[in-house]
Amino acid sequence: MPKFSHLHVHTQYSLLDGAAGIKDLYKKAIKDEMPALAITDHGNMFGVFSFVAEAYRNRLNPDDKNSPLKVKPIVGCEFYITESRHRKTFSKDEKDPRHHQILLARNETGYRNLIKLTSLGFIEGMYSKYPRIDKELIHKYHEGLIATTCCLGALVPQTILKKGPEDGENEFKWWLNIFQDDYYVELQRHGIPEQDKVNKVLLDLARKYQVKVIASNDSHYVEQTDFNAHDILLCINTGEKLATPASREFADDDVLIKNKRFAFPNDQFYFKTSREMEQVFHDLPEAIDNTNEVVDKIELLDLKRDILLPNFPIPKEFRIHEDNNLNQWEYLRHMSFEGAGRRYQEITAELEERLNFELFTIRTMGFAGYFLIVSDFIKAGREIGVFVGPGRGSAAGSVVAYCIGITNIDPIKYNLLFERFLNPDRKSMPDIDTDFDDEGRQKVIDYVVAKYGKNQVAQIITYGTMAAKMSIKDVARVMDLPLSESNAMAKLVPERPGITLKRILHAPLNAKQGEISLEEKEALTADDLENVKKLRQIYAGEDMQSRVLHEAEILEGSVRNTGIHAAGIIIAPRDLTELIPVATSKESTLWVTQIEGSIIEESGVIKMDFLGLKTLSILKTALQLIKQNHGKEIDLDTIPLDDEITYQLYQRGDTNATFQFESVGMQKYLRELKPDKFDDLIAMNALYRPGPLAYIPNFIDRKHGREAISYDLPEMEEILKDTYGITV
């Protein structure tokens, strides 16, 4: 029995058009022993990085990093192609001549060209919601790519249907001339009359020009039983109701037919097994077998890259090594000791030892450039009047960061650990969260864009997925379930971050029923569990509410829309379109990465967080008003930390608009604690979070002598005496 691989597959990243999860696709492909699996989402490469990473998580021997993959990942895209990507004006009578086109990366060069094409589709060809390319770009960036005649919506099939076989042949020859041996006739059999008509012509062309035929299925969901859920997803996309009569003829989703909704022709657009595909193409077994030729041509890609830092310019006198990383380190060392002279009255042996230790670690890990970049834009921000935060997080433990002006907190004074920030045994990029006032944030970003170039700076994409409550509400609206019933069902979903319908409907309720229960993992209360039971009763029924829950479970996790990360900025060493796929957004003048923030650094570019804080804006305005109304200039960095009147404010819980001290819960504990020293505030800030929160009453009682101070080990007293024996 010949092996078969799907080469035309849409995932959930074909926004509100694909209903197939990447893990579910691999699970089915592995079970079916398919050699390979392609990702070909509409116009974008949003899911490509996760798609390839998932393949590497499924090795024949999971314990051996060199073990072969169970399924080879093939990176591709189903592009929108038009006559001219630059034309953006059309009319009702003259619509955008937009078609589909599958391109697969044969090797690393092909992958780079896919990145170029999808990026330019957004940057130059965006029209309505469609990132479009044209033949000019395909001619320029076709190297290393495999092309097919694609689906019924592609240029060759549509030319055959609308203009006849002769014109279709001319179109076919254009593509064949460009891609030659890497051009294939793609046959799909979904039971559509127009498709059968086109297939006959395509087979004639294949024979005439000796082009090999491959079988495919235009896969948009995993199982045939997911057809109805996919139909609902299309309704969410177009704002229609399921009850509206469906137009089952082949058409694009922007073609509006009066009193009809866009829908797929039938339930055949799913991820079929090899046996099912063999049955569909029983008369053309070579079409099944030829998918192996394509798979064998394609080189295995690994998209993970080492971080590439932007080239930070340094003075000539520090360029003494061939390795620019070492030159940057020499300059960082100079800046650190120069800054130490300003920050400290004298450079003691202890301080010098700490600086040398940190600098050695930074040199070993190759992160000198990172420190220089962050220090530079913070310095530039201050110079143009931006209010910059003093620093927070583990970066505050670095004396180097303090000396070069990244932070304003003395790690020596507060016994902060550098190893929490950087550790040679934990190879990961430093993470410095930089706070700016709301208005100033954009000024600093503008500085970075001016320094490194607009084509090297981007914001980071986020994906809005259909979480449990949203999935129920979306499906309920499409299925015309009354709003009151929809809201009632959604309210039964426990308020827990990341909780899923799959867990709610199928996981053990408590520890007695299984190892990983809802009670343990999600920490559900008795009331929560009662609501879960009600949801399960609804799920087990046969009414409309039950059907809504079943379809919502399937669609949960679908990517509903894209957004922009609130803080993350990418700075690259060269044009981003040479490194990663980028997109555009109406929300920003900058490019936006097509890879989300949690995995962006694995693709080889560095992420920096530029946070705009309202609190800093309030402080900035307050200082301006004090100067204007009272003629006094206040330097926040020199305010004493032992002011009795200030502590009285904290003791009363009068902390509105005080960053991380303004919540009702925190104010309650401050009134009980009655802090009278800065260490008390440090401890409260550290304790007031899930987990340590439980120790706050003990901390308060120990401070006021109502509970004896004790240590788990006598040796811990030196470390924990400032927090009354409580581990913070």
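Everything here concerns the structure above.
What counts, and where the lines are drawn
- Residues numbered from 1 in each chain as written.
- Predicted model: local features only at pLDDT ≥ 70, side-chain atom pairs only at ≥ 80, totals over all residues.
- Heavy atoms only, no water.
- Salt bridge = Lys/Arg side-chain N within 4 Å of Asp/Glu carboxyl O.
- Helix = DSSP H or I, 4+ residues; strand = E, 2+ residues; numbered from the N terminus.
- Buried < 20%, exposed > 50% of the residue type's maximum accessible area, 1.4 Å probe, protein only.
- Axes fitted to C-alpha atoms, helices over the stretch in contact; angles between N-to-C directions.
- Parallel < 35°, antiparallel > 145°, perpendicular 65-115°, else oblique.
- Left-handed = near helix turned anticlockwise from the far one by under 90°.
- Contact = heavy atoms within 4.5 Å.
- Nonpolar A, V, L, I, M, F, W, Y, C, P; charged D, E, K, R; others polar.
- Patch = residues over 30% accessible without salt bridge, like charges linked within 9 Å, V, L, I, M, F, W, Y side chains within 5 Å.
- Areas by Shrake-Rupley, 256 points an atom, 1.4 Å probe, with all protein chains shown as cover.
- Expected span 1.5 Å × (residues − 1).
- Arc of directions from axis to C-beta.
- Pairing = 2+ DSSP bridges.
- Phe/Tyr/Trp six-rings, centres within 6.5 Å; stacked < 30°, edge-to-face > 60°.
- Lys NZ or Arg CZ within 6 Å of the ring centre and 35° of its normal.
- Core = buried A, V, L, I, M, F, W, Y, C linked by side-chain atoms within 4.5 Å.
- Polar contact = N/O pair within 3.5 Å; in protein donor to acceptor, adjacent residues only side chain to side chain.

A.B. asks: Please clarify how the pattern of salt bridges should be interpreted in this entry.
C.D. replies: As a working rule, side chains carrying opposite charge can pair if their charged atoms are close by. Throughout the structure, instances matching the rule amount to 38 salt bridges. A salt bridge links Arg85 to Asp134; its shortest N-O distance comes to 3.0 Å. With a gap of 49 residues between them, Arg85 in the loop between β2 (72–81) and β3 (99–105) and Asp134 in the loop between β4 (132–133) and α4 (135–140) connect regions that are remote in the sequence. Each member of the pair Arg85 and Asp134 is classed as buried. Residues joined by salt bridges that share partners form a network here, namely Arg85, Glu124, Asp134 and Glu136.

A.B. asks: Please clarify how the packing of helix α16 (residues 468–478) against helix α17 (residues 483–491) should be interpreted in this entry.
C.D. replies: Geometry of a packed helix pair, given as the angle between the helix axes and the separation of the axes. One way to put it is that α16 packs onto α17 with a least axis distance of 9 Å and a crossing angle of 165°. On the basis of their axis angle, the class for α16 and α17 is roughly antiparallel. Regarding α16 and α17, the two cross each other, and that crossing is right-handed. Residues Lys469, Ile472, Lys473 and Ala476 of α16 lie in contact with α17, whose contacting residues are Ser486, Asn487, Met489, Ala490 and Lys491. Of the residues belonging to the contact of α16 with α17, the class tally is four nonpolar, two polar and three charged.

A.B. asks: In this structure, what is going on with the environment of Pro131? I would like to understand it.
C.D. replies: Position of Pro131 among the secondary structure elements: in the loop between α3 (108–123) and β4. With a relative accessible area of 5%, Pro131 lands in the buried category. Setting aside residues up to four positions removed in sequence, Pro131 forms contacts with Gly43, Tyr80, Gly121, Phe122, Gly125 and Met126.

A.B. asks: Is there a simple way to explain a nonpolar patch on the surface in this structure?
C.D. replies: On the surface, Leu619, Ile634, Leu636 and Ile639 cluster together into a nonpolar patch covering about 300 Å² of accessible area. As for its placement among the helices and strands, Ile634 is situated in the loop between α22 (614–630) and α23 (644–652). Residue classification places Ile634 among the partly exposed positions, given a relative accessible area of 40%.

A.B. asks: In this structure, what is going on with helix α12 (residues 349–365)? I would like to understand it.
C.D. replies: Since the α-helix advances by 3.6 residues per turn, residues separated by three or four positions end up pointing in the same direction. For α12, with 17 residues, the first-to-last C-alpha span of 24 Å sits near the 24 Å given by 1.5 Å per residue. The complete set of buried residues in α12 reads Leu351, Arg354, Leu355, Glu358, Leu359, Thr361, Ile362 and Met365. Down the axis of α12, the buried set is contained in an arc of 160°. They therefore lie on one face. The outward face of α12, more than 90 degrees from its buried face, is lined by the exposed residues Ala349, Glu353 and Phe360.

A.B. asks: Which parts of the structure should I look at to understand the sheet that holds strand β14 (residues 588–596)?
C.D. replies: Pairing between the strands of a sheet comes from backbone hydrogen bonds, and it takes one of two forms, parallel or antiparallel. The sheet built from six strands is open, its strands ordered β10-β15-β12-β11-β14-β13 with mixed pairing. Bordering the open sheet on either side are β10 (433–437) and β13 (582–585), each of which pairs with just one other strand. The mean inter-strand angle of the sheet, taken between neighbouring strand axes irrespective of direction, is 50°. Here four bridges tie strand β12 (residues 559–571) to strand β15 (residues 606–613), and the two strands are oriented antiparallel to one another.

A.B. asks: What should I look at first to understand unusual backbone geometry in this one?
C.D. replies: The phi angle of most residues is negative, glycine excepted, and most peptide bonds adopt the trans form. In this model, Leu16 sits at a positive phi of 50°, which is unusual for a non-glycine residue. By the element assignment, Leu16 lies in the segment before α1 (22–31). Classification of Leu16 as buried rests on a relative accessible area of 8%. Even without being a glycine, Cys150 presents a positive backbone phi close to 65°. Along the chain, Cys150 falls in the loop between β5 (145–148) and α5 (155–163). Residue class for Cys150 comes out buried when judged on its relative accessible area of 2%.

A.B. asks: Any chance you could explain the packing of aromatic side chains here in plain terms?
C.D. replies: Aromatic rings in a pair are described by how distant their centres are and how their planes are angled relative to each other. Applying the stated rule across the entire model yields 25 aromatic pairs. Arranged with centres 6.0 Å apart and planes meeting at 50°, the rings of Tyr414 and Phe678 form a pair that is tilted. Of this pair, Tyr414 sits in the loop between α14 (399–403) and β10 while Phe678 sits in helix α25 (residues 678–687), and the two are 264 residues apart along the sequence. Between the aromatic rings of Phe699 and Tyr724, the centroid separation amounts to 5.2 Å while the plane-to-plane angle is 55°, which identifies the pairing as tilted. Of the two residues, Phe699 sits in helix α26 (residues 696–703) while Tyr724 sits in the segment after α27 (717–720), which places them 25 residues apart along the sequence. The exposure classification of Phe699 matches that of Tyr724, with both residues buried. Here a set of aromatic residues connected by ring pairs shows up, and it is made of Phe357, Tyr370, Phe371, Phe418 and Phe421. Geometry around Tyr669 places Lys668 over its ring, the cationic atom sitting 4.4 Å from the centre.

A.B. asks: Would you mind going over the nonpolar core with me for this structure?
C.D. replies: Side chains of nonpolar character tend, in soluble globular proteins, to be buried together. Of all hydrophobic cores here, the largest spans 130 residues; its most connected members are Leu37, Tyr111, Leu114, Phe179, Leu549 and Leu576. In terms of residue count, helix α8 (residues 227–238) provides more of this core than any other element does, seven residues in total. In this structure, Leu576 is in contact with Asn455, Gln456, Val457, Ala458, Ile570, Val582, Trp591 and Val605, ignoring residues within four places of it in sequence. Judged by nonpolar contacts, the second largest core, of 53 residues, contains Ile314, Leu359, Val374 and Tyr452.

A.B. asks: It is not clear to me how the pairing of β14 should be interpreted in this structure. Could you clarify?
C.D. replies: Here is the key point about a regular strand: its side chains alternate between the two faces of the sheet. For β14, the tally of buried residues reaches seven of nine residues, placing the bulk of the element in the interior. Where strand β11 (residues 457–465) and β14 come together, three bridges link them in parallel fashion. Residue pairing across strands places Gln459 opposite Val592, the latter belonging to β14. Alignment of β13 against β14, held across three bridges, turns out to be antiparallel.

A.B. asks: What am I meant to see in the side chain of Glu54 here?
C.D. replies: Structurally, the position occupied by Glu54 is in helix α2 (residues 48–56). By relative accessible area, which is 9% here, Glu54 ends up buried. A distance of 3.1 Å separates a polar atom in the side chain of Glu54 from a polar atom in the side chain of Arg57. If near-sequence neighbours (up to four positions away) are discounted, Glu54 is found in contact with Ile22, Lys23 and Tyr26.

A.B. asks: How should I be thinking about the side chain of Asp609 in this particular structure?
C.D. replies: Note that Asp609 resides in strand β15. Owing to a relative accessible area of 10%, Asp609 belongs among the buried residues under this scheme. Of note is the side chain of Asp609, whose polar atom sits 3.4 Å from the side chain of Lys607.

A.B. asks: For this particular structure, what's the right way to read the pairing of β3?
C.D. replies: Across the seven residues of β3, seven count as buried, placing the element largely inside the fold. Alternating positions in β3 separate into two faces, His99, Gln101, Leu103 and Ala105 on one and His100, Ile102 and Leu104 on the other, with burial throughout. As paired elements, β2 and β3 share six bridges and run antiparallel to each other. In the strand pairing of β3, Phe79 is matched with Gln101.

A.B. asks: Hey, could you run me through the environment of Thr118 in this one?
C.D. replies: As for its placement among the helices and strands, Thr118 is situated in helix α3. In this structure, the C-alpha to C-alpha distance between Thr118 and Pro131, residues 13 residues apart in sequence, is 7.5 Å. Sequence-distant contacts of Thr118, that is, excluding residues within four places in its chain, are made with Gly43, Asn44, Met45, Phe79, Pro581, Val582 and Gln594.

A.B. asks: Help me understand helix α15 (residues 438–452), please; the structure alone is not making it clear to me.
C.D. replies: Between its terminal C-alpha atoms α15 stretches 22 Å, which fits the 21 Å expected from 15 residues at 1.5 Å a residue. Listed as buried for α15 are Gly440, Arg441, Val444, Ile445, Val448, Val449 and Tyr452. Looking at the packing, one finds that the buried side of α15 touches α13 (368–383), β10, β11, β12, β14 and β15. The first or second residue beyond α15 is Gly453, which carries a positive phi of 105°.

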